[in-house]
Amino acid sequence: MSLDAALKSSMDTIPDCIAAGYIDMDTGMLLAMHGNDTGSAPLLETLSIAISNLFQGQGVQAFEKMLTVTDDDTATGFKEVAIFSGTYLYVFLKAREYADHVVCYICRDSANAGMVLTKSHMSLGVIAESM
(Lines give C-alpha, C1' and ligand atoms only; values in the text may rest on other atoms or scores of the structure.)
Protein backbone atom coordinates (compact mmCIF):
# COMPACT_ATOMS: atom_id res chain seq x y z
CA MET A 1 0.00 0.00 0.00
CA SER A 2 1.31 3.48 -0.84
CA LEU A 3 1.83 6.10 1.84
CA ASP A 4 -1.01 8.21 0.41
CA ALA A 5 -3.35 5.20 0.52
CA ALA A 6 -2.25 4.39 4.10
CA LEU A 7 -3.03 7.96 5.19
CA LYS A 8 -6.44 7.83 3.53
CA SER A 9 -7.16 4.45 5.12
CA SER A 10 -6.18 5.73 8.56
CA MET A 11 -8.36 8.83 8.12
CA ASP A 12 -11.34 6.57 7.50
CA THR A 13 -10.94 5.09 10.99
CA ILE A 14 -10.26 8.29 12.94
CA PRO A 15 -13.40 10.18 14.08
CA ASP A 16 -14.07 13.49 12.29
CA CYS A 17 -10.64 13.42 10.61
CA ILE A 18 -10.43 15.92 7.77
CA ALA A 19 -6.73 15.66 6.85
CA ALA A 20 -3.63 13.57 7.42
CA GLY A 21 0.00 14.21 6.58
CA TYR A 22 3.39 12.57 6.87
CA ILE A 23 6.19 15.02 7.68
CA ASP A 24 9.98 14.78 7.65
CA MET A 25 11.11 17.00 10.55
CA ASP A 26 14.72 17.26 9.33
CA THR A 27 13.74 18.91 6.06
CA GLY A 28 10.34 20.30 7.02
CA MET A 29 8.88 18.58 3.97
CA LEU A 30 5.39 17.19 3.72
CA LEU A 31 6.13 13.76 2.24
CA ALA A 32 2.51 12.72 1.77
CA MET A 33 -0.95 14.04 2.56
CA HIS A 34 -4.60 13.30 2.13
CA GLY A 35 -7.44 15.68 2.88
CA ASN A 36 -11.18 15.81 2.58
CA ASP A 37 -11.26 19.49 1.57
CA THR A 38 -9.22 21.91 -0.51
CA GLY A 39 -8.04 23.93 2.50
CA SER A 40 -6.18 21.04 4.11
CA ALA A 41 -3.16 21.02 1.76
CA PRO A 42 -1.95 24.56 2.58
CA LEU A 43 -2.64 23.94 6.27
CA LEU A 44 -0.54 20.76 6.30
CA GLU A 45 2.26 22.43 4.32
CA THR A 46 2.43 25.26 6.87
CA LEU A 47 2.37 22.76 9.75
CA SER A 48 5.17 20.72 8.21
CA ILE A 49 7.53 23.68 8.44
CA ALA A 50 6.71 24.38 12.09
CA ILE A 51 6.58 20.77 13.31
CA SER A 52 10.32 20.39 13.90
CA ASN A 53 10.21 23.25 16.43
CA LEU A 54 7.29 21.58 18.15
CA PHE A 55 9.25 18.35 18.72
CA GLN A 56 12.88 19.43 18.47
CA GLY A 57 13.02 23.10 19.52
CA GLN A 58 15.44 24.13 22.27
CA GLY A 59 12.70 25.13 24.70
CA VAL A 60 10.92 21.82 24.23
CA GLN A 61 14.16 19.87 24.66
CA ALA A 62 14.91 21.70 27.92
CA PHE A 63 11.37 20.96 29.16
CA GLU A 64 11.73 17.28 28.22
CA LYS A 65 14.99 17.04 30.17
CA MET A 66 13.22 18.39 33.24
CA LEU A 67 10.60 15.64 32.89
CA THR A 68 13.08 12.82 32.27
CA VAL A 69 13.38 10.42 35.19
CA THR A 70 16.15 8.22 33.75
CA ASP A 71 19.67 8.82 32.49
CA ASP A 72 18.81 6.96 29.28
CA ASP A 73 18.98 9.47 26.38
CA THR A 74 16.67 7.31 24.26
CA ALA A 75 13.88 7.84 26.78
CA THR A 76 13.70 11.59 26.12
CA GLY A 77 11.54 13.29 23.60
CA PHE A 78 7.84 13.74 23.17
CA LYS A 79 6.30 10.93 21.16
CA GLU A 80 2.98 12.67 20.61
CA VAL A 81 1.40 16.06 20.93
CA ALA A 82 -2.32 16.91 20.83
CA ILE A 83 -3.44 20.51 20.38
CA PHE A 84 -6.94 21.94 20.54
CA SER A 85 -7.01 25.14 18.52
CA GLY A 86 -10.05 26.94 17.21
CA THR A 87 -12.35 24.39 15.66
CA TYR A 88 -9.73 21.69 15.21
CA LEU A 89 -7.90 19.00 17.13
CA TYR A 90 -4.36 18.43 15.84
CA VAL A 91 -2.62 15.16 16.69
CA PHE A 92 1.09 14.72 15.96
CA LEU A 93 2.66 11.29 16.44
CA LYS A 94 6.31 10.41 15.94
CA ALA A 95 6.73 7.44 13.66
CA ARG A 96 8.15 4.50 15.62
CA GLU A 97 10.50 3.30 12.89
CA TYR A 98 11.59 6.76 11.73
CA ALA A 99 12.37 9.04 14.68
CA ASP A 100 12.49 12.18 12.51
CA HIS A 101 9.10 11.61 10.89
CA VAL A 102 5.73 12.71 12.23
CA VAL A 103 2.21 11.71 11.28
CA CYS A 104 -0.27 14.56 11.63
CA TYR A 105 -4.04 14.21 11.85
CA ILE A 106 -6.41 17.16 11.78
CA CYS A 107 -9.88 16.50 13.20
CA ARG A 108 -12.87 18.65 13.97
CA ASP A 109 -12.97 19.73 17.62
CA SER A 110 -16.25 17.84 17.99
CA ALA A 111 -14.35 14.54 17.75
CA ASN A 112 -13.92 12.42 20.87
CA ALA A 113 -10.28 13.13 21.76
CA GLY A 114 -9.76 9.72 23.39
CA MET A 115 -11.00 7.91 20.29
CA VAL A 116 -8.92 10.12 18.02
CA LEU A 117 -5.76 9.32 20.02
CA THR A 118 -6.55 5.60 20.18
CA LYS A 119 -7.31 5.28 16.48
CA SER A 120 -4.30 7.43 15.59
CA HIS A 121 -1.99 5.09 17.48
CA MET A 122 -3.57 2.07 15.84
CA SER A 123 -2.91 3.56 12.39
CA LEU A 124 0.87 3.93 12.88
CA GLY A 125 1.53 0.29 12.00
CA VAL A 126 -0.19 0.56 8.61
CA ILE A 127 1.63 3.79 7.83
CA ALA A 128 5.02 2.30 8.81
CA GLU A 129 4.41 -0.69 6.53
CA SER A 130 3.88 1.66 3.60
CA MET A 131 7.31 3.28 3.97
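None of the values given here were measured: they were computed from a predicted structure.

A.B. asks: Even after reading the chapter, I still don't get the packing of helix H1 (residues 3–13) against helix H4 (residues 113–129), so can you show me in this structure?
C.D. replies: Describing two packed helices takes the angle between their axes plus the distance from one axis to the other. Look at H1 against H4: their axes get within 9 Å of each other, and the N-to-C directions meet at 160 degrees. Our classification of the angle between H1 and H4 gives roughly antiparallel. You can see that H1 and H4 cross each other, and the crossing is right-handed. In this structure, H1 uses Leu3, Ala6, Leu7, Ser10 and Thr13 to contact H4, whose residues at the interface are Lys119, Ser123, Val126 and Ile127. Split by residue class, the contact of H1 with H4 holds five nonpolar, three polar and one charged.

A.B. asks: Would you mind showing me how to read helix H2 (residues 40–56) here?
C.D. replies: Residues spaced three or four apart along an α-helix face the same direction, because each turn holds 3.6 residues. Taking 1.5 Å of rise per residue, 17 residues should cover 24 Å, and H2 covers 24 Å from first to last C-alpha, within 8% of that figure. Along H2, the sharpest change in direction is near 40 degrees and occurs at alanine 50. Those residues of H2 lying buried are Ser40, Leu44, Leu47, Ser48, Ile51, Ser52 and Phe55.

A.B. asks: So what exactly am I meant to see when it comes to the packing of aromatic side chains here?
C.D. replies: Given two aromatic rings, one states the distance between the centres and the angle between the planes to describe the pair. According to the stated counting rule, one finds two aromatic pairs in the structure shown. A ring pair is formed by tyrosine 90 and phenylalanine 92, whose centres lie 6.5 Å apart and whose planes are at 5 degrees; its orientation type is stacked. Through successive ring pairs, a cluster of aromatic residues spans Tyr88, Tyr90 and Phe92.

A.B. asks: Hey, could you run me through the side chain of serine 123 in this one?
C.D. replies: Tracing the chain through its elements places serine 123 in helix H4. In this structure the side chain of serine 123 is engaged in a polar contact, spanning 2.6 Å, whose partner is the side chain of tyrosine 105. If near-sequence neighbours (up to four positions away) are discounted, serine 123 is found in contact with Ser10 and Tyr105.

A.B. asks: Just to check I follow, could you spell out the sheet that holds strand S3 (residues 80–85) for this structure?
C.D. replies: Strand pairs in the sheet, formed through backbone hydrogen bonds, run parallel or antiparallel to each other. The strand order S2-S1-S5-S4-S3 describes an open sheet built from five strands, whose pairing is antiparallel. For this open sheet the edge positions go to strand S2 (29–35) and S3, each flanked by a neighbour on one side alone. Adjacent strand axes in the sheet meet at a mean angle of 15 degrees when their direction is disregarded. Relative to S2, strand S1 (residues 17–24) is paired through six bridges, and the arrangement is antiparallel. Considered in S2, the bridge of aspartate 24 is made with methionine 29. The strands touched by H1 within the sheet are S1, S2 and strand S5 (101–108), with S2 carrying the most contacts at an inclination of about 45 degrees. Contacts from H4 reach S1, S3, strand S4 (88–94) and S5 within the one sheet, and its direction differs from that of S4 by about 35 degrees.

Reading guide: rules and limits
- Residues numbered from 1 in each chain as written.
- Predicted model: local features only at pLDDT ≥ 70, side-chain atom pairs only at ≥ 80, totals over all residues.
- Heavy atoms only, no water.
- Axes fitted to C-alpha atoms, helices over the stretch in contact; angles between N-to-C directions.
- Helix = DSSP H or I, 4+ residues; strand = E, 2+ residues; numbered from the N terminus.
- Parallel < 35°, antiparallel > 145°, perpendicular 65-115°, else oblique.
- Left-handed = near helix turned anticlockwise from the far one by under 90°.
- Contact = heavy atoms within 4.5 Å.
- Nonpolar A, V, L, I, M, F, W, Y, C, P; charged D, E, K, R; others polar.
- Expected span 1.5 Å × (residues − 1).
- Bend = angle between axes of the 7 residues up to and from the residue.
- Buried < 20%, exposed > 50% of the residue type's maximum accessible area, 1.4 Å probe, protein only.
- Phe/Tyr/Trp six-rings, centres within 6.5 Å; stacked < 30°, edge-to-face > 60°.
- Polar contact = N/O pair within 3.5 Å; in protein donor to acceptor, adjacent residues only side chain to side chain.
- Pairing = 2+ DSSP bridges.

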